[in-house]
Amino acid sequence: MKNFLVIGVGPHARLNHLPTLWAGRSAGLVGTVIGVDLADAQGDIAAFNSTAGTPELPVTFIEPFDALSRTLPAQVRETLDSLVREHAVDAVVISTEPSFHMVYTHWALERGLSVLLDKPLSVHANCSVDPFRASAILTDFDEVLDHYEAVRSISPAVLVAVQCQRRHHPAFLRMRRLIAEVAEATNCPVTSMQSFHSDGQWRMPNELIDISYHSFDQGYGKCSHSGYHFFDIVPWLLRAGETTGKELDSVDIHANFSRPRDFLAQLDVKDYARLFPEFEAANPYTQAQLLTATERFGEVDAFVSMAYKSGGRTMTLGSVNLVHNGFSQRGGFRPVHANLYKGNGRVRHESHIIQQGPFQAIHYHSLQTLGDQDTDSADPHHVGGRGHIEVHVFRNSSFDTRWKKYETLDYDALTTVSESGPEEPTQSASRRRAVQEFLEYVNGRRAREEMSSELTDHRRGATLMAGTYLSAAQQWVDGPPVARLDFRPHGGGCTGAAGHPAGPGACALMDVFL
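Here the structure is a predicted model, which is why all the values come from computation and not from measurement.

Draft legend 1. Structural detail: the overall build of the chain. In terms of helices and strands, the chain carries 16 helices and 18 strands. Its C-alpha radius of gyration of 23 Å places the chain within 12% of the 24 Å reference for a compact globule of 514 residues. Every one of the 514 residues in the chain was classed for burial, and the buried ones make up 57%. Looking at the chain as shown, the accessible area adds up to about 21,000 Å², and 51% of this sits on carbon and sulfur atoms. Side chains of the chain give 46 positive and 60 negative charges; the mean places of these two sets differ by 4 Å.

Next up, the structure:
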């Protein structure tokens, strides 16, 4: 059984990683599990360890350090090294605040440790207002990929997997097969794709400043919180429709952001005072103070337009629209949970609309109406229920009479069966499958070729995220609104444009234009 070090034991790791690691013990996949977190998290982790029915997690605490550090501080590095030696650690789960993902990944690779890396792969403070920091998101990816490939030449078994659960979700796997079927029959790629996600995270004005978990104060927001899932799954689906001569090689990206200052214009402190009688007494900030404090904060909502090209011709038009400020079931001024990560009325709405020329249309919808703390009063798989999911498939049966004109795939139809039992079409079950796959690889029960989300397959996702922030940051400094990036899966060398903030030859692989 293998031993695991979890770096970052926050709400995400406690909900998604630790339960699967502990379950892996009974399957003979996991031995020791230890954690590392910042010293100021001691109270939260003590409360977690005292929860009835939860195995106690030994956690070592370290002091915070600058997210701009390219290497770990000596004291942190020595602490981690001693834990690896003492507990014979075989693999690392990295679930920290995302601006620290790369520095921990480099440390783990230097020790020859396999890594399960949380998303996003990288982000930089103020990347939504600074074009150089936006482009550094892609530079980070190239650097860690080079490091990874160098380590693999010495230690071939080392793996870096990225936790992107939609790649493990039965609905997305089915949609990918449907796209591939039509592409094989017609040579037609995906010609348009619209993706939307809202999680109904209603923040009070004072919480914009006072609560830092999954917040906006580091100069980034929704695109870094959950946005990478969509920057990843869109090209993963598009690839199923690529055929010889129609490979996507570049993308034009134009992003529009709504920031906290806009959010405070939509509903200002006077509006909140009318909505919540306790607001004026509890809120310590004036409207002017809030506007000043949040001036350089990151995005609350992001609407992003893409044009994917091959040889200069547009193959696919797309959009990725990401919303925190959407339909919610939060009804009170005071939050149920202080970190706002789960609960507090967050409600998921997600949709993807895929067109494959005149041959096929696919609609994916997952529409909830209940918060995490609510109980389903009706069928949880119907519209509004926590487990709602539907995929509608339309095919041109006039062109090919063998095709079904219309098919609906609901929760039951999308539930698959594996050796371990039913595989439910839910995000939580798919997250468990992502961790389980990593455990199986580390224990020699799964081959590298069977892995769904190896780092080497994530350049396009990193490209979309970097380009989104570059477009927004360029606009912030009154520059060109559109970013053009190399979209080949493995890049094509450094072609930064003269005059671009990243400089000539920068590894961001991007040009910008009006």
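Draft legend 2. Spatial organisation of the sheet that holds strand 4 (residues 91–94). Pairing is parallel in the open sheet, where six strands are placed in the order 3-2-1-4-5-6. With partners counted over all chains shown, the strands left at the sheet margins are strand 3 (59–62) and strand 6 (160–162), one partner each. Pairs of neighbouring strands in the sheet enclose a mean axial angle of 20 degrees, with direction left out of account.

Draft legend 3. How the structure looks around the pairing of strand 9 (residues 301–310). Counting buried positions along strand 9 gives eight out of 10 residues, so the element sits mostly inside the fold. Here strand 8 (residues 250–258) runs beside strand 9; their pairing, made up of nine bridges, is antiparallel. Following the sheet pairing, valine 251 is matched in strand 9 by tyrosine 308. Summarising the sheet, strand 9 and strand 10 (residues 313–323) pair through 10 bridges and their orientation is antiparallel. Counterpart to alanine 307 in the pairing with strand 10 is leucine 317.

Draft legend 4. The arrangement of the pattern of salt bridges in detail. With the rule as written, the count across this model stands at 26 salt bridges. Note that aspartate 457 and arginine 239 form a salt bridge whose closest N and O atoms lie 3.3 Å from each other. Placement of the pair is aspartate 457 in the loop between helix 15 (427–442) and helix 16 (459–476) and arginine 239 in the loop between helix 9 (227–238) and strand 8, with a sequence separation of 218 residues. Connected through shared salt-bridge partners, Arg167, Asp232, Arg239 and Asp457 make up one network.

Draft legend 5. Highlighting the packing of aromatic side chains. As enumerated under the stated definition, the model contains 16 aromatic pairs in all. Taking the centre distance of 6.4 Å and the plane angle of 65 degrees together, the rings of phenylalanine 4 and phenylalanine 438 count as edge-to-face. With phenylalanine 4 in strand 1 (residues 2–7) and phenylalanine 438 in helix 15, this pair connects stretches of sequence that are 434 residues apart. For the pair formed by phenylalanine 4 and phenylalanine 438, the shared burial category is buried. Note on tyrosine 308 and phenylalanine 487: the rings are 5.3 Å apart at their centroids and 50 degrees apart in plane angle, and the pair reads as tilted. Of the two residues, tyrosine 308 sits in strand 9 while phenylalanine 487 sits in the loop between strand 17 (482–486) and strand 18 (510–513), which places them 179 residues apart along the sequence. Grouping residues by exposure puts tyrosine 308 and phenylalanine 487 together as buried. Cluster of aromatic residues (ring-pair linked, three or more members): Trp202, Tyr272, Phe276, Phe279 and Phe333. The residue whose ring lies beneath arginine 152 is tyrosine 148, and the NZ or CZ to ring-centre distance is 5.8 Å.

Draft legend 6. Spotlight on the nonpolar core. Formed by 114 residues in total, the largest nonpolar core has its most connected members in Leu5, Tyr104 and Trp107. Every residue in contact with tryptophan 107, bar those within four places of it in the chain, is listed here: Leu5, Ile7, Leu72, Arg77, Leu80, Asp81, Val84, Val92 and Leu113. Counting residues in hydrophobic clusters, the runner-up holds 14 residues, among them Met204, Phe216, Phe279 and Phe297.

Draft legend 7. Broad picture of unusual backbone geometry. Looking along the chain, the bond that leaves lysine 119 and enters proline 120 is cis, with omega of -10 degrees. Along the polypeptide, proline 120 turns up in the loop between strand 5 (114–117) and helix 5 (131–154). With a phi close to 50 degrees, alanine 88 is a non-glycine residue in the positive phi region. Mapping alanine 88 onto the fold places it in the loop between helix 3 (74–87) and strand 4.

Draft legend 8. Expanded view of the environment of aspartate 199. Within the element layout of this structure, aspartate 199 appears in the loop between strand 7 (192–198) and helix 7 (207–210). With relative accessibility at 5%, the residue aspartate 199 sits in the buried group. Separated by 150 residues in sequence, aspartate 199 and asparagine 49 have C-alpha atoms that sit 28 Å apart. The residues contacting aspartate 199, other than those within four sequence positions of it, are Lys222, Val323, His324, Arg346 and Val347.

Draft legend 9. Summary view of empty space enclosed by the protein. Inspection of every chain in the model, using the stated rule, returns four cavities of 30 Å³ or more. Looking at the largest cavity, its volume works out to about 80 Å³. What lines the largest cavity is a set of 13 residues, among which Arg167, Arg239, Asp457, His458 and Arg460 lie closest to the centre. Contributing elements (two or more residues each) for the lining of the largest cavity: helix 9 and helix 16. Top element by residues in the lining of the largest cavity is helix 9. It accounts for four residues.

Draft legend 10. Quick peek at the state of the cysteines. Throughout the structure, instances matching the rule amount to zero disulfides. The closest cysteine sulfur to the non-disulfide-bonded cysteine 164 is located on cysteine 223, 15 Å from its own sulfur. On the basis of relative accessible area, cysteine 164 is assigned to the buried category, the value being 1%.

Criteria and thresholds
Residues numbered from 1 in each chain as written. Predicted model: local features only at pLDDT ≥ 70, side-chain atom pairs only at ≥ 80, totals over all residues. Heavy atoms only, no water. Helix = DSSP H or I, 4+ residues; strand = E, 2+ residues; numbered from the N terminus. Rg over C-alpha atoms; globule rule 2.2 N^0.38 Å. Buried < 20%, exposed > 50% of the residue type's maximum accessible area, 1.4 Å probe, protein only. Areas by Shrake-Rupley, 256 points an atom, 1.4 Å probe, with all protein chains shown as cover. Lys, Arg positive; Asp, Glu negative; His and termini not counted. Charge placed at Lys NZ, Arg CZ, Asp CG, Glu CD. Pairing = 2+ DSSP bridges. Axes fitted to C-alpha atoms, helices over the stretch in contact; angles between N-to-C directions. Salt bridge = Lys/Arg side-chain N within 4 Å of Asp/Glu carboxyl O. Phe/Tyr/Trp six-rings, centres within 6.5 Å; stacked < 30°, edge-to-face > 60°. Lys NZ or Arg CZ within 6 Å of the ring centre and 35° of its normal. Core = buried A, V, L, I, M, F, W, Y, C linked by side-chain atoms within 4.5 Å. Contact = heavy atoms within 4.5 Å. 1 Å grid on protein atoms, 1.4 Å probe; cavity = no way out; pocket = protein on both sides within 12 Å on 5 of 7 lines; lining within 4 Å. Points joined across faces, edges and corners; volume = space filled by probe spheres on them. Disulfide = S-S within 2.5 Å.

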